[in-house]
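# Examination of the molecular architecture
Chain residues, written in single-letter form:
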Amino acid sequence: DAGVTQSPTHLIKTRGQHVTLRCSPISGHKSVSWYQQVLGQGPQFIFQYYEKEERGRGNFPDRFSARQFPNYSSELNVNALLLGDSALYLCASSRTGALAGGETQYFGPGTRLLVL
Amino acid sequence: KNEVEQSPQNLTAQEGEFITINCSYSVGISALHWLQQHPGGGIVSLFMLSSGKKKHGRLIATINIQEKHSSLHITASHPRDSAVYICAAYYGGSQGNLIFGKGTKLSVKP
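Notes on the structure follow.

Calculation rules
- Residues numbered from 1 in each chain as written.
- Chains lettered and ligands numbered in written order.
- Predicted model: local features only at pLDDT ≥ 70, side-chain atom pairs only at ≥ 80, totals over all residues.
- Heavy atoms only, no water.
- Helix = DSSP H or I, 4+ residues; strand = E, 2+ residues; numbered from the N terminus.
- Contact = heavy atoms within 4.5 Å.
- Disulfide = S-S within 2.5 Å.
- Buried < 20%, exposed > 50% of the residue type's maximum accessible area, 1.4 Å probe, protein only.
- Buried area = accessible area lost by both parts, 1.4 Å probe.
- Polar contact = N/O pair within 3.5 Å; in protein donor to acceptor, adjacent residues only side chain to side chain.
- Nonpolar A, V, L, I, M, F, W, Y, C, P; charged D, E, K, R; others polar.
- Pairing = 2+ DSSP bridges.
- Axes fitted to C-alpha atoms, helices over the stretch in contact; angles between N-to-C directions.
- Phe/Tyr/Trp six-rings, centres within 6.5 Å; stacked < 30°, edge-to-face > 60°.

### Describing the environment of Leu98 of chain B
Here Leu98 of chain B is to be found in strand E10 (residues 98–100). For the pair Leu98 of chain B and Ala31 of chain B, spaced 67 residues apart in sequence, the C-alpha separation works out to 9.2 Å. In this structure, Leu98 of chain B is in contact with Tyr35, Phe45, Leu99 and Gln105 of chain A together with His33, Ala88, Ala89 and Tyr90 of chain B, ignoring residues within four places of it in sequence.

Laid out in structure tokens, this is it:
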């Protein structure tokens with residue numbers, strides 16, 4: 001089975017632009033989470049989706065939005081890009097998103113975004 | 001504020017050494033994850049713990065709920081173990097997701 005896939009792998013944008021990042025979960029997984037990892041730091045939670053509904057949201061501005069499609073793939077959108085948005089964006093999938101119940105998340109390789 | 005602290009930040013070891021990485025968290029959690037991140041960014045989930053101890057090959061993870069502390073041990077370390085090891089705590093609640101530590105960068109020399 002294919003793992004979690006993300007596209008693109010790398011992206012360069014300029015300040016003020018908009019970006020869309022894409023994630024395809026493992027087959028059978030209905031939950032997708034998005035994380036931002038700034039260089040030298042641990043990842044930070046952005047969103048979790050389950051069955052196309054937002055289940056959780058981290059402490060990020062409204063410039064960040066996401067959605068999940070009927071096939072459980074997901075998009076992360078960032079508007080009005082800032083230099084500080086430069087980071088590795090990670091997507092992770094799990095069967096139901098019930099992490100407290102011991103469910104494992106599987107991470108994609110990430111999209112490296114550079115904002116100039 | 002829910003926080004996750006890891007120590008040490010950087011660790012250099014000789015091949016064959018026993019390695020311990022520590023993780024502490026601020027309040028009660030539902031589960032704690034240990035993750036491995038290789039250069040280039042790919043993250044692999046190693047363990048999910050809510051109590052006790054788990055072992056997989058040369059890796060052992062323990063958690064002490066009362067002391068709000070978890071450890072990841074690597075026995076007979078090998079250069080291929082070189083990576084960043086991250087612990088992440090699941091606090092549950094409305095935010096519903098993981099709070100990550102900053103990671104421990106491990107380098108194992110041959």
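After that view of the structure, there is still more to cover.
### Some points on the state of the cysteines
All names here are of chain A. All told, the structure shown has two disulfides over all chains when counted by the stated rule. Disulfide pairing places Cys23 opposite Cys91 at an S-S distance of 1.8 Å. Judged by the sign of its S-S torsion, about -60 degrees, the bond between Cys23 and Cys91 is left-handed. Of this pair, Cys23 sits in strand E3 (residues 19–24) while Cys91 sits in strand E9 (residues 87–94), and the two are 68 residues apart along the sequence. What makes Cys23 buried here is its relative accessible area of 2%.

### So, the interface of chain B and chain A
Taken together, the contacts link 21 residues of chain B with 25 residues of chain A. Surface buried jointly by chain B and chain A totals about 1600 Å² across both partners, of which 57% is contributed by carbon and sulfur atoms. Applying the counting rule to chain B against chain A returns one residue pair in polar contact (both at pLDDT 80 or more). Sorting the residues of the side of chain B that touches chain A by element identifies strand E4 (31–37), strand E5 (43–49), strand E9 (83–90) and E10 of chain B as the ones contributing at least two each. For the side of chain B that touches chain A, the element with the highest residue contribution is E4 of chain B, accounting for four residues. Across the side of chain B that touches chain A, the residue classes tally to eight nonpolar, 12 polar and one charged.

### A look at the sheet that holds strand E1 (residues 5–7) of chain A
All names here are of chain A. With respect to topology, four strands assemble into an open sheet ordered E1-E3-E8-E7, the strand pairing being antiparallel. A strand with exactly one partner marks an edge of an open sheet, and here the two such strands are E1 and strand E7 (64–68). The sheet shows a mean angle of 15 degrees between the axes of neighbouring strands, taken without regard to direction. As paired strands, E1 and E3 are joined by three bridges and run antiparallel to one another. Bridge pairing in E3 links Ser7 to Arg22.

### Concerning the packing of aromatic side chains
Residues and elements named next belong to chain A. On inspection of all chains with the given rule, the structure shows five aromatic pairs over all chains. On the numbers, 5.7 Å between centres and 40 degrees between planes, the contact of Tyr35 with Phe107 is tilted. A residue pair is termed long-range when its members are at least 10 positions apart, and Tyr35 in strand E4 (residues 31–37) and Phe107 in strand E10 (residues 106–107) qualify at 72 residues. Using a relative accessible area of 11% as the deciding quantity, one classes Phe107 as buried. For the ring pair Phe47 and Tyr49, a centre distance of 6.1 Å and an interplane angle of 55 degrees mean the geometry is tilted. Take Phe47: its relative accessible area is 1%, and that puts it in the buried class. Using a relative accessible area of 6% as the deciding quantity, one classes Tyr49 as buried.

### Topic: unusual backbone geometry
In this model, Ser7 of chain A is joined to Pro8 of chain A through a cis peptide bond whose omega is -10 degrees. Examined against the element boundaries, Pro8 of chain A turns out to sit in the loop between E1 and strand E2 (10–13). Put simply, Ser7 of chain B and Pro8 of chain B share a cis peptide bond, and its omega is -10 degrees. You can see Pro8 of chain B is positioned in the loop between strand E1 (4–7) and strand E2 (10–14). A positive phi angle, near 50 degrees, is found at Glu51 of chain A, a position not held by glycine. You can see Glu51 of chain A is positioned in the loop between strand E5 (44–50) and strand E6 (53–57). If you check the backbone angles, Ala80 of chain A has positive phi at about 45 degrees while not being a glycine.

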